[in-house]
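Chain residues, written in single-letter form:
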Amino acid sequence: MPTLVVRADASVAMGTGHIMRCMSLGQAWQDAGGEVVFLTAQSGAAVEARLRSENMGVIPLAAEAGSGDDAAATLEVARSKGADWVAVDGYQFDLDFQQRLKNGGSKVLLVDDSAGATACEADIVLNQNAFARPEFYRSKPGTRLLLGARYTLLRRE
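So, here's what we can say about the structure. All of these numbers come straight from a predicted model, not from anything done at the bench.

1. Observations regarding the overall build of the protein
What the protein contains, in helices and strands, is four helices and nine strands. Secondary structure elements of the protein, listed N to C terminal, follow the sequence β-α-β-α-β-α-β-α-β-β-β-β-β. For the protein, the C-alpha radius of gyration of 14 Å lies close to 15 Å, the compact-globule estimate for 157 residues. When burial is assessed residue by residue, the protein has 48% of its 157 residues classed as buried. Of all intrachain contacts in the protein linking residues separated by at least 6 positions in sequence, the fraction that spans at least 24 positions is 49%. Accessible surface, the protein: about 7500 Å² in total, of which carbon and sulfur atoms supply 51%. The averaged location of the 19 negative side-chain charges in the protein is 5 Å from the averaged location of its 16 positive side-chain charges.

Here it is in structure tokens:
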């Protein structure tokens, strides 16, 4: 199974939720035989140590989160790791960011927890909240919506 690239951040202001729920996704990917690499523009030493303790790679990015440079760097890592999929989790990964990843040849999994209508270019949208509804998403035909508590991401512990 190939590598999964995860693009998420953590900070004092935003908390660690984006990275921690993606760690659950990463653990499931590992259980299926794959490798996981996190790309972070913001994170702390403790978060990075936790990811490494789970045998997940961590690559810091110098680009501004959600920028065109961020998307280009994410694509570069995905290509270098032979990753077909990029999972993105964070409010800064807007439609333009997703389109850049798609145009670069990546499949995109968008992890979302918003309650408002969101335009997306992702192949899969995962919103594990009980209130999640298909009408929240303006997506392209064929986008798979994984909505509701039955898709809750739980870490091994």
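2. Things to note about the packing of aromatic side chains
Aromatic ring pairs are described here by two measures, namely the spacing of the ring centres and the angle between the planes. Counting across every chain of the model gives two aromatic pairs. When the centroid spacing of 4.7 Å and the interplanar angle of 45 degrees are considered together, the rings of phenylalanine 93 and phenylalanine 97 count as tilted. In this structure, phenylalanine 93 and phenylalanine 97 share a single accessibility class: buried.

3. With respect to the sheet that holds strand S5 (residues 107–111)
With respect to topology, seven strands assemble into an open sheet ordered S3-S2-S1-S4-S5-S7-S9, the strand pairing being parallel. Whereas interior strands pair on both sides, the edge strands pair on one side only; in this sheet they are strand S3 (57–60) and strand S9 (144–147). With strand direction ignored, the average angle separating the axes of adjacent strands in the sheet is 20 degrees. Relative to strand S2 (residues 35–40), strand S1 (residues 3–8) runs parallel, the two being bridged by five bridges. Bridge assignment links leucine 4 to a residue of S2, and that residue is valine 36. Contacts between helix H1 (residues 17–31) and the sheet are confined to S1, S2, strand S4 (85–89) and S5, with S2 contributing the most and set at about 160 degrees to the helix.

4. Section: unusual backbone geometry
Phi at asparagine 55 is positive, roughly 60 degrees, even though this residue is not glycine. Here asparagine 55 shows up in the loop between helix H2 (45–53) and S3.

5. Examining helix H3 (residues 68–81)
Helix length check: H3 (14 residues) gives 20 Å between terminal C-alpha atoms against 20 Å at 1.5 Å per residue, within 8%. What H3 keeps buried is the set Asp70, Ala71, Thr74, Leu75, Val77 and Ala78. Down the axis of H3, the sector holding all buried residues measures 165 degrees, keeping them to one side. Set apart from the buried face of H3 by more than 90 degrees, the exposed residues are Asp69, Glu76, Arg79 and Ser80. Buried-residue contacts for H3 involve S1, S2, S3, S4 and helix H4 (95–103). The first or second residue beyond H3 is glycine 82, which carries a positive phi of 70 degrees.

6. Remarks on the packing of H1 against H2
Close contact between H1 and H2 brings their axes to 11 Å; oriented N to C, the two are set at 0 degrees. For the element pair H1 / H2, the angle class is roughly parallel. Residues Ile19, Met20 and Met23 of H1 form the contact with H2, whose participating residues are Val47, Arg50 and Leu51. Of the residues in the contact of H1 with H2, the class split is five nonpolar, no polar and one charged.

7. Re the packing of H3 against H4
Look at H3 against H4: their axes get within 9 Å of each other, and the N-to-C directions meet at 30 degrees. With respect to their mutual orientation, H3 and H4 come out roughly parallel. The two elements H3 and H4 cross, and the hand of that crossing is right-handed. Contacts between H3 and H4 involve Gly68, Asp70, Ala71, Thr74 and Leu75 from the first element and Phe97, Arg100 and Leu101 from the second. Tallied by class, the residues present in the contact of H3 with H4 amount to four nonpolar, two polar and two charged.

Rules of the game
- Residues numbered from 1 in each chain as written.
- Predicted model: local features only at pLDDT ≥ 70, side-chain atom pairs only at ≥ 80, totals over all residues.
- Heavy atoms only, no water.
- Helix = DSSP H or I, 4+ residues; strand = E, 2+ residues; numbered from the N terminus.
- Rg over C-alpha atoms; globule rule 2.2 N^0.38 Å.
- Buried < 20%, exposed > 50% of the residue type's maximum accessible area, 1.4 Å probe, protein only.
- Contact = heavy atoms within 4.5 Å.
- Areas by Shrake-Rupley, 256 points an atom, 1.4 Å probe, with all protein chains shown as cover.
- Lys, Arg positive; Asp, Glu negative; His and termini not counted.
- Charge placed at Lys NZ, Arg CZ, Asp CG, Glu CD.
- Phe/Tyr/Trp six-rings, centres within 6.5 Å; stacked < 30°, edge-to-face > 60°.
- Pairing = 2+ DSSP bridges.
- Axes fitted to C-alpha atoms, helices over the stretch in contact; angles between N-to-C directions.
- Expected span 1.5 Å × (residues − 1).
- Arc of directions from axis to C-beta.
- Parallel < 35°, antiparallel > 145°, perpendicular 65-115°, else oblique.
- Nonpolar A, V, L, I, M, F, W, Y, C, P; charged D, E, K, R; others polar.
- Left-handed = near helix turned anticlockwise from the far one by under 90°.

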